[in-house]
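# Architecture at a glance
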Amino acid sequence: KQEVTQIPAALSVPEGENLVLNCSFTDSAIYNLQWFRQDPGKGLTSLLLIQSSQREQTSGRLNASLDKSSGRSTLYIAASQPGDSATYLCAVKGSGGSNYKLTFGKGTLLTVNP
Amino acid sequence: GAGVSQTPSNKVTEKGKYVELRCDPISGHTALYWYRQSLGQGPEFLIYFQGTGAADDSGLPNDRFFAVRPEGSVSTLKIQRTERGDSAVYLCASSVYGTSGVEQYFGPGTRLTVT
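Fair warning: this is a prediction, and the values are worked out from it, not measured in the lab. Numbering of residues starts from 1 in each chain and follows the order in which that chain's sequence is written. A letter from A marks each chain and a number from 1 marks each ligand, given out in the order of writing. In keeping with the predicted nature of the model, local features appear solely for residues at pLDDT of at least 70, side-chain atom pairs appear and are counted solely at 80 or more, and the whole-chain, interface and lining totals rest on all residues. Side-chain measures here rest on the full set of heavy atoms in the structure, leaving out hydrogens and waters.

On to the interface of chain A and chain B, then. Any pair of residues with heavy atoms lying within 4.5 Å of one another is described as a contacting pair. Of the residues lining the interface, 21 residues belong to chain A; the matching set on chain B comes to 23 residues. Here the buried area means the combined drop in accessible surface, using a 1.4 Å probe, for two parts upon being joined, counting both sides. Each partner contributes to the roughly 1,700 Å² buried at the junction of chain A and chain B, and carbon and sulfur atoms together form 52% of this total. Interface area lost by chain A to chain B is led by Leu 44, Tyr 100 and Lys 106 of chain A, which between them contribute 32%. A pairing counts as a salt bridge when a side-chain nitrogen of Lys or Arg comes within 4 Å of a carboxyl oxygen of Asp or Glu. Inspection of the chain A/chain B interface yields one salt bridge. Here Lys 101 of chain A ties to Asp 56 of chain B by a salt bridge, and the two come within 3.8 Å at their closest N and O atoms.

Set out below in structure tokens:
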């Protein structure tokens, strides 16, 4: 059974810092990996989707990397801003018969202090 | 275009009552998913529809939970004899089709509180 772990569970940084969020998964047979943002009381906003054949994806100040063989992904946020404060969730989609199902980690709660 | 919508946004009910949660997917999306997010946890898969049929309902916790999608668009998640442990945010997502690399788009969720 796929398990996804996110470290750290919470992170607090001053505005302007660069930071890295970590995600690991136990079964490397994934189809893709997705990073989401969740604001309090809100749904999920997709940030980046990395296919299993890709090594990284970039969008603005965000860069996500994927090392499928080691079961790891990182989300790098450059020049953090207070508006980046949210919970960040990592999710993987399996490549087998259940290739429609996302398995999520518990998330990292990020606070960026002005 | 419009995203995935869910109603109600909040639902408070007493233990033992019946509730229905509604999801309107993005127009044209054939695949629809329900997830449940308990406090402090990531979302967990409940059920997947491809068209009108439930292709995988293995995530439904027990037979008090049931979901339908009669016309292949709107879906309703139904919970009978609610328990306090059912309190969670119920998230709906849709995608163009169900397999592999396509992205799932999530709605804002329904926060269910069972008192």
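Turning our eyes to something else, we now look at the packing of aromatic side chains. Each aromatic ring pair is characterised by the separation of its centres together with the angle its planes make. Planes of paired rings set the category: under 30 degrees apart is stacked, over 60 is edge-to-face and the rest tilted, where pairs are Phe, Tyr or Trp rings (Trp by its six-membered ring) whose centres lie within 6.5 Å. Under the defined criterion, the tally for this structure stands at nine aromatic pairs over all chains. Ring centres of Phe 36 of chain A and Phe 104 of chain A lie 5.6 Å apart, and the angle between their planes is 40°; on these two criteria the pair is classed as tilted. Taken together, the residues span a long stretch of sequence, with Phe 36 of chain A in strand E4 (residues 30-38) and Phe 104 of chain A in strand E10 (residues 102-104) at a distance of 68 residues. We classify Phe 36 of chain A as buried; its relative accessible area is 0%. Measuring from ring centre to ring centre gives 5.3 Å for Tyr 33 of chain B and Tyr 48 of chain B, while their planes differ by 15°; the resulting arrangement is stacked. Here Tyr 33 of chain B, found in strand E4 (residues 31-37), pairs with Tyr 48 of chain B, found in strand E5 (residues 44-50); they are 15 residues apart in sequence, far enough to count as distant. Among the aromatic residues, those joined into a cluster by ring pairs are Phe 36, Tyr 100 and Phe 104 of chain A together with Tyr 33, Tyr 35, Phe 45, Tyr 48 and Phe 106 of chain B. The secondary structure listing takes helices from DSSP runs of H or I that are at least 4 residues long and strands from runs of E that are at least 2 residues long, numbered from the N terminus. Each residue gets one of three labels from its accessible area relative to the maximum for its type: buried under 20%, exposed over 50%, partly exposed in between, using a 1.4 Å probe on protein chains only.

Think of a nonpolar core as a cluster: buried Ala, Val, Leu, Ile, Met, Phe, Trp, Tyr and Cys residues, connected wherever their side-chain atoms sit within 4.5 Å. Core analysis: the biggest nonpolar cluster contains 22 residues, and Phe 25, Leu 33, Trp 35, Leu 75, Ile 77, Tyr 88 and Leu 110 of chain A have the highest contact counts within it. Elements with a contribution of two residues or more to this core: strand E3 (19-25), E4, strand E5 (44-51), strand E7 (62-67), strand E8 (72-77), strand E9 (86-94) and strand E11 (108-113) of chain A. Contacts of Leu 75 of chain A, omitting those with residues within four sequence positions, involve Leu 19, Val 20, Leu 21, Trp 35, Leu 47, Leu 48, Leu 62, Asn 63, Ala 64 and Tyr 88 of chain A. Val 4, Ile 26, Ile 79 and Ala 88 of chain B belong to the second-largest nonpolar core, a separate cluster that totals 20 residues.

All names here are of chain A. The strand order across the open sheet built from five strands is E1-E3-E8-E7-E6, with neighbouring strands paired in antiparallel fashion. A strand with exactly one partner marks an edge of an open sheet, and here the two such strands are strand E1 (4-7) and strand E6 (56-59). Across this sheet, the average inter-strand angle for adjacent strands is 15°, counted without regard to direction. Examined bridge by bridge, E6 and E7 share four bridges and lie antiparallel to one another. Of the residues in E7, the one forming a bridge with Thr 58 is Asn 63. Two strands are said to pair when DSSP picks up at least two bridges between them. The axes used here are C-alpha line fits, helices contributing only the stretch in contact, and every angle between their N-to-C directions lies in the interval 0 to 180 degrees.

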